[in-house]
Amino acid sequence: MGAPKPTSGRGTGSWRPRHRGGGRPASGRPRRCRGRIGGAVGEGAAGRYGRAAAPQPPALSPAEGSVCSAAPPKAPRHPPTPPARPSPQRGGLLPASPQPRPGPRQRRRSHLSPGRWGGTGPPQPGRAAERPGGAGPSRRRLSVRGRASPRPTAALLAGGAMERRGAAAGGDVRMCQAVLPAHANHRGELSAGQLLKWMDAAACLAAEKHAGVSCVTASMDDIQFEEAARVGQIISIKAKVNRAFKTSMEVGIKVTVQDVLTNVEKIVSVAYATYVAKPVGGGKIELEPVNLLSTEDHLEHTLAIERRRIRLGYEQVFQNLMQESNKEDNFEEEDAVSTDLTHVQSIELVQPPHANHHGNTFGGQIMAWMETVASISASRLCHSYPVLKSVNMFKFWGPSVVGDRLVFNAIVNNTFQTSVEVGVRVEAYNCEEWIKDQARHINSAFLIFNTVNDKGELLTFPRIKPTTKDGMRRYHGAIARRRIRLARKCILSASEDKPSDPWETSNQAYVSYSNIAALTHLAAKPGWEITSTLDDIKIWTHEEGDVLSLKVEMQVQIPSHLAFSLLSDFTFRQQWDKHFLTCEVLQAVNEDEKIYYVTSPPMTDHKPRDFVILVSQRQPCKPSEPYIVAVKSVTLMSMPPSSEYCRSEILCAGFQIYGDSNSSCTVCYFNQVSSGVMPYLAANLTGSSKSIEDTALECIKFLELKGSKY
Ligand SMILES: CC(=O)SCCNC(=O)CCNC(=O)[C@H](O)C(C)(C)COP(=O)(O)OP(=O)(O)OC[C@H]1O[C@@H](n2cnc3c(N)ncnc32)[C@H](O)[C@@H]1OP(=O)(O)O
């Protein structure tokens with residue numbers, strides 16, 4: 001960010017108060033058993049029966065314009081507690097049906113215990129380190145539970161080989177802090193900078209608990225501040241390693257505030273940060289996988305890889321949006337304020353109290369300094385006290401150490417009615433670099449502020465006017481980031497009547513995320529009831545309020561990777577599912593995401609139906625994880641509904657495929673039933689049809705026939 005030339009002050013425009021809103025036989029075809037249900041394995045729905053619970057939001061975008069007292073982030077309606085698959089038979093409709101015999105995987109999963117944010121079951125030897133070639137429990141090192149965590153040997157590091165590190169129980173730490181006047185701002189509220197320091201410290205300790213070596217903050221994803229904490233209240237921070245990738249890991253951070261007098265607890269923030277294992281004086285090390293104890297651990301583990309995709313792909317999405325953006329803005333508005341007025345530069349000398357336990361400038365301290373300069377910059381525009389609402393990712397590009405001078409440059413990039421985006425860039429210099437003017441860019445972030453009047457009403461910010469080429473770029477960058485934030489908010493807000501998500505540049509990453517997340521949540525829900533059993537096919541139903549879901553479990557005698565390849569290509573679907581009349585690829589977005597146009601035969605007295613669906617496919621990172629093929633409807637501008645077809649929607653459907661052996665797998669098909677599927681399901685429930693079983697049998701036949709040719 002260049003330092004704009006100061007200009008003379010201008011009016012900040014009018015200030016308008018705004019109210020706050022707010023057992024298969026070894027071979028042969030399966031025999032039919034008593035009790036069945038069948039129905040369309042096709043996802044077709046000519047309307048809606050219900051909607052999947054909102055998936056846990058990925059961490060990339062803040063909810064702009066939300067207010068301090070906004071509701072906490074949406075979570076699944078019921079926290080999933082049971083094993084993801086297969087569930088034990090509970091109160092099946094058909095008591096005479098043979099009891100499902102738990103296979104090896106069922107036995108393994110039956111130990112899972114519920115709990116979120118560190119809710120733990122008993123330690124489970126043998127469940128960790130399932131990664132191919134990974135070390136077993138005996139190789140694990142716990143840094144916190146008394147076992148030594150030896151440093152990587154020089155030989156290992158010099159040879160370029162990576163030692164594997166990782167605690168069996170994952171990293172999970174809790175921090176409690178009483179908010180004292182020294183932590184508060186002029187309003188008596190906990191300052192955002194202090195909170196960021198605590199969050200970073202807790203998350204770093206969680207990362208180090210898992211890694212067993214020192215870790216550094218690589219980035220902190222978008223952070224939203226939902227609730228203000230006041231002096232006298234208690235802040236609790238829970239930080240937990242959700243997933244270890246290679247040298248980096250995702251840490252989930254949940255901050256709550258508790259009122260001492262009433263004991264009422266509220267969520268302040270939920271954030272995700274990435275830490276990289278960096279042994280002091282050593283090279284890179286490869287992390288052990290996190291030991292997953294609860295179903296929530298499994299869910300977060302699965303979603304963490306999706307969040308990583310979004311995190312690492314953000315820059316590309318941003319660049320695409322910048323190319324699309326209309327740069328023809330009219331800055332002739334009379335009360336538009338020059339951004340030059342908002343430029344703030346500040347310098348800090350890094351001293352020992354600012355360093356972390358490894359001598360690097362503490363990431364939380366850097367974020368706190370950034371928040372201070374950003375807040376001053378915003379205040380110059382609003383002549384009031386800005387309130388930090390969210391941060392659009394802190395990225396730590398490089399380290400700084402005690403003795404460095406850190407130069408902070410902040411400037412308002414753009415305003416959006418009741419919010420303002422301030423960009424902050426941090427550069428570091430040691431003594432020599434200082435003289436030569438050789439800056440190291442160590443951090444950048446975009447902070448979103450609101451401001452309120454004495455009555456707590458949101459105030460409107462004046463329009464701003466960039467005066468330089470860089471200022472113009474930042475102005476349009478703020479619009480692109482806002483588009484991504486709003487797209488995320490829109491997609492991840494659960495609404496019963498929301499039409500299918502539009503497929504646009506700004507939201508593709510979130511639509512794919514929500515596709516995978518919705519299926520993963522559905523599969524992990526507690527309370528699946530077995531409804532019918534054949535030797536190779538089990539049908540389960542799940543009721544939750546007015547939402548009914550279906551699971552069809554099929555034992556297939558082909559390897560899981562082959563089943564995945566055949567089931568993820570929807571152009572094969574007509575070969576086994578009579579509910580697919582035609583199917584064509586509309587967009588092959590990348591190798592993991594495709595958009596198909598599907599037509600389906602008419603139901604009685606109706607027009608034929610058509611669908612525009614997004615199919616997202618994911619390969620497992622570990623043998624114990626399933627292949628995933630998730631399906632949901634999307635809206636494509638280029639494919640509007642026609643009078644010939646009844647445009648139908650798929651809310652949440654797809655497959656999870658688990659490898660049983662080298663030559664067999666279990667395919668689980670899920671469908672959140674919508675009104676279009678209801679007639680099939682009802683007919684199957686009453687026994688007048690067995691179309692679900694028939695389709696499942698066709699699916700198995702197709703897979704085994706095709707599979708035998710490979
Ligand atoms: C606790 C504290 O207070 S620490 C102090 C504040 N933080 C710092 O000083 C860290 C400064 N930054 C750095 O030192 C470096 O940029 C690092 C260590 C973060 C990354 O170093 P690089 O050499 O660029 O690493 P490299 O490109 O090999 O990536 C290493 C891993 O980090 C991940 N990573 C790198 N940057 C980011 C980012 N911005 N967001 C998320 N992940 C990232 C990579 O994906 C990779 O993950 P993987 O090994 O699991 O696949």
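As recorded by an unreviewed UniProt entry, the protein chain carries the name Acetyl-coenzyme A thioesterase and is attributed to Accipiter nisus. The record held by UniProt for the protein chain lists under Subunit (unreviewed entry) the comment "Homodimer or homotetramer." According to the UniProt record, the Pathway (unreviewed entry) comment for the protein chain reads "Lipid metabolism; fatty acid metabolism."

So, about the overall build of the protein chain. Broken down by element type, the protein chain carries eleven helices and 29 strands. Counting across all 710 residues of the protein chain, residues that qualify as buried make up 58%. Put simply, the protein chain shows about 28600 Å² of open surface, and 54% of that area lies on carbon and sulfur atoms.

A few words on the packing of aromatic side chains. One pass over the full model with this rule turns up nine aromatic pairs. Judged by centre distance (5.9 Å) and plane angle (75 degrees), the ring pair of Trp369 and Phe408 falls under edge-to-face. Placement of Trp369 in helix α5 (residues 363-382) and of Phe408 in strand β14 (residues 405-416) is noted, with a sequence separation of 39 residues between them. A relative accessible area of 9% means that Trp369 is categorised as buried. By way of ring pairs, the aromatic residues Phe570, Phe580 and Tyr596 are connected into one cluster.

Within the largest apolar cluster, 75 residues are counted, with the highest numbers of intra-cluster contacts made by Ile235, Val251 and Phe394. Among the elements that make up this core, the one with the highest residue count is helix α3 (residues 192-211) (twelve residues). Among residues more than four places away in sequence, those in contact with Phe394 are Leu196, Ala218, Ser219, Met220, Ile223, Met367, Met370, Asn443, Ser444 and Ala445. Formed by 41 residues, the second largest nonpolar core is a distinct cluster that contains Leu550, Ile613, Ile650 and Phe702.

The full set close to the ligand counts 25 residues, and Lys246, Thr247, Ser248, Lys284 and Gly363 are the nearest of them. Thr217 places a polar main-chain atom, nitrogen or oxygen, 3.0 Å from a nitrogen atom of the ligand. Ser219 is positioned such that a nitrogen or oxygen atom in its side chain is 2.9 Å from a nitrogen atom of the ligand. Here the ligand loses 77% of its free accessible area of 1000 Å² to cover by the protein chains. Of all the elements in the fold, those that place two or more residues in the shell around the ligand are α3, β4 (215-220), β8 (265-277), α4 (295-324) and β13 (394-396). The element that contributes the greatest number of residues to the shell around the ligand is β4, accounting for four residues. Of the residues that constitute the shell around the ligand, the class distribution is nine nonpolar, nine polar and seven charged.

Any two packed helices are characterised by how steeply their axes cross, that is the angle between the axes, and by the distance between the axes. Interhelical geometry of α4 versus helix α8 (residues 508-524) gives an angle of 170 degrees and a closest axis separation of 10 Å. Put simply, α4 runs roughly antiparallel to α8. Together, Thr295, Leu299, Thr302, Leu303, Glu306, Arg307 and Ile310 of α4 and Ala509, Tyr510, Tyr513, Ile516, Ala517, Thr520, His521 and Ala524 of α8 make up the contact between the two elements. Taken together, the residues that form the contact of α4 with α8 break down as nine nonpolar, four polar and two charged.

What follows covers the environment of Ala192. By the element assignment, Ala192 lies in helix α3. For the pair Ala192 and Thr372, spaced 180 residues apart in sequence, the C-alpha to C-alpha distance is 8.9 Å. Other than its neighbours up to four places away in sequence, Ala192 contacts Glu371 and Leu388.

Taken residue by residue, the protein chain gives an average pLDDT of 76. The fraction at 70 or more is 71%. Across the protein chain, strand β11 (residues 344-349) holds the top mean pLDDT of 97, while helix α2 (residues 154-158) sits lowest at 29. Scored below 50 in pLDDT, residues 1-161 shows 478 contacts in the model against residues more than four places distant or in partner chains. At the level of chain-chain contacts, confidence expressed as ipTM amounts to 0.96, with global pTM at 0.67.

We now examine unusual backbone geometry. If you check the backbone angles, Asn263 has positive phi at about 65 degrees while not being a glycine. Examined against the element boundaries, Asn263 turns out to sit in the loop between β7 (248-258) and β8. Exposure remark for Asn263: the relative accessible area of 54% places this residue in the exposed category. Non-glycine residue Gln417 carries a positive phi angle of around 50 degrees. Summarising the element assignment, Gln417 is placed in the loop between β14 and β15 (419-429).

Quick look at the pattern of salt bridges now. In the structure shown here, the tally under the stated rule is 23 salt bridges. Among the salt bridges present, the one from Glu593 reaches Arg309, with a minimum N-O distance of 3.6 Å. Of this pair, Glu593 sits in strand β24 (residues 593-600) while Arg309 is found in helix α4, placing the two residues 284 residues apart along the sequence. A relative accessible area of 3% means that Glu593 is categorised as buried. Judged by relative accessible area, which is 34%, Arg309 ranks as partly exposed. In this structure, Arg481 engages Glu421 in a salt bridge whose closest nitrogen and oxygen atoms are separated by 2.7 Å.

Residues Ile347, Trp434 and Ile435 make up a contiguous nonpolar surface patch of roughly 340 Å² in combined accessible area. Along the chain, Ile347 falls in strand β11.

Along its 18 residues, helix α11 (residues 691-708) runs 25 Å from first to last C-alpha, staying within 8% of the 26 Å computed at 1.5 Å per residue. For α11, the complete set of buried residues consists of Ser691, Ile692, Glu693, Thr695, Ala696, Leu697, Cys699, Ile700, Phe702, Leu703, Glu704 and Gly707.

This part is about the pairing of strand β16 (residues 440-451). Residues in a regular strand project their side chains so that they alternate between the two faces of the sheet. With nine of twelve residues buried, β16 lies mostly within the body of the structure. Pairing geometry for strand β12 (residues 386-391) and β16, over five bridges, is antiparallel. Residue pairing across strands places Ser390 opposite Ile448, the latter belonging to β16. By the bridge criterion, two bridges tie β13 to β16 in an arrangement that is antiparallel. Residue pairing across strands places Lys395 opposite Ser444, the latter belonging to β16.

Bringing the pairing of strand β23 (residues 582-590) into the picture now. As judged from the seven bridges shared by β23 and β24, these two strands associate in the antiparallel manner. Residue pairing in the sheet places Asn590 in a bridge with Glu593 of β24. Where β23 hands over to β24, the hairpin turn is made up of two residues, counted between the paired strands.

Turning our eyes to something else, we now look at the state of the cysteines. Under the definition given, this model contains zero disulfides. Looking at Cys665, it has no disulfide partner, and the nearest cysteine sulfur is the one in Cys699, 9.5 Å off.

Let us now look at the environment of Ser346. Structurally, the position occupied by Ser346 is in strand β11. For Ser346, a relative accessible area of 25% corresponds to the partly exposed category. On a C-alpha basis, the gap between Ser346 and Val407 in space is 5.8 Å, while along the polypeptide they are 61 residues apart.

Rules behind the numbers
Numbers given to residues run from 1 along each chain, matching the order in which its sequence is written. Two thresholds apply to this predicted model, a pLDDT of at least 70 for residue-level local features and 80 or more for giving and counting side-chain atom pairs, whereas whole-chain, interface and lining totals are computed over all residues. For the side-chain quantities, the full set of heavy atoms in the structure was used; hydrogens and water were omitted. UniProt positions are given in the numbering used here, feature names are shortened, and annotations may be inferred rather than shown by experiment. Secondary structure is summarised from DSSP: a helix means a run of H or I of at least four residues, a strand means a run of E of at least two, and numbering begins at the N terminus for each. Type-normalised accessible area, obtained with a 1.4 Å probe on protein chains alone, sets the label of each residue: buried when under 20%, exposed when over 50%, and partly exposed for intermediate values. We get accessible surface area from the Shrake-Rupley algorithm with a probe of 1.4 Å; when it comes to residues, only the shown protein chains can shield them. Between the rings of Phe, Tyr and Trp (Trp by its six-membered ring), a pair exists once the centres lie within 6.5 Å; its type follows the angle of the planes, with under 30 degrees stacked, over 60 edge-to-face, and the other angles tilted. Only buried residues count toward a nonpolar core. Its members are Ala, Val, Leu, Ile, Met, Phe, Trp, Tyr and Cys residues joined through side-chain atoms within 4.5 Å. Residues are treated as being in contact if the distance between any of their heavy atoms lies within 4.5 Å. Proximity criterion: a residue is near a molecule or strand once any of its heavy atoms comes within 4 Å of it. Pairs of N or O atoms within 3.5 Å make up the polar contacts considered here, provided that, within protein, one atom can donate a hydrogen while the other can accept it, and that residues adjacent in sequence are counted only when both atoms are side-chain atoms. For this classification, Asp, Glu, Lys and Arg are treated as charged, while Ala, Val, Leu, Ile, Met, Phe, Trp, Tyr, Cys and Pro are nonpolar and the rest, including Gly, are polar. To obtain each axis, a line is fitted to C-alpha atoms, and for helices this fit is confined to the stretch in contact; angles are then taken between N-to-C directions over 0 to 180 degrees. Each angle is binned into one of four classes, with values under 35 degrees roughly parallel, values over 145 roughly antiparallel, values of 65 to 115 roughly perpendicular, and all other values oblique. Every residue gets a pLDDT, meaning the predictor's confidence in that residue, from 0 to 100. Should a side-chain nitrogen of Lys or Arg be within 4 Å of a carboxyl oxygen of Asp or Glu, the pair is scored as a salt bridge. Residues form patches when they are more than 30% accessible in relative terms and have no salt bridge. Like charges link within 9 Å. Nonpolar side chains (Val, Leu, Ile, Met, Phe, Trp, Tyr) link within 5 Å. By definition here, a helix of n residues has an expected span of 1.5 Å times n minus one. A pair of strands is treated as paired once DSSP finds two or more bridges between them. Only a pair of cysteine sulfur atoms within 2.5 Å qualifies as a disulfide here.

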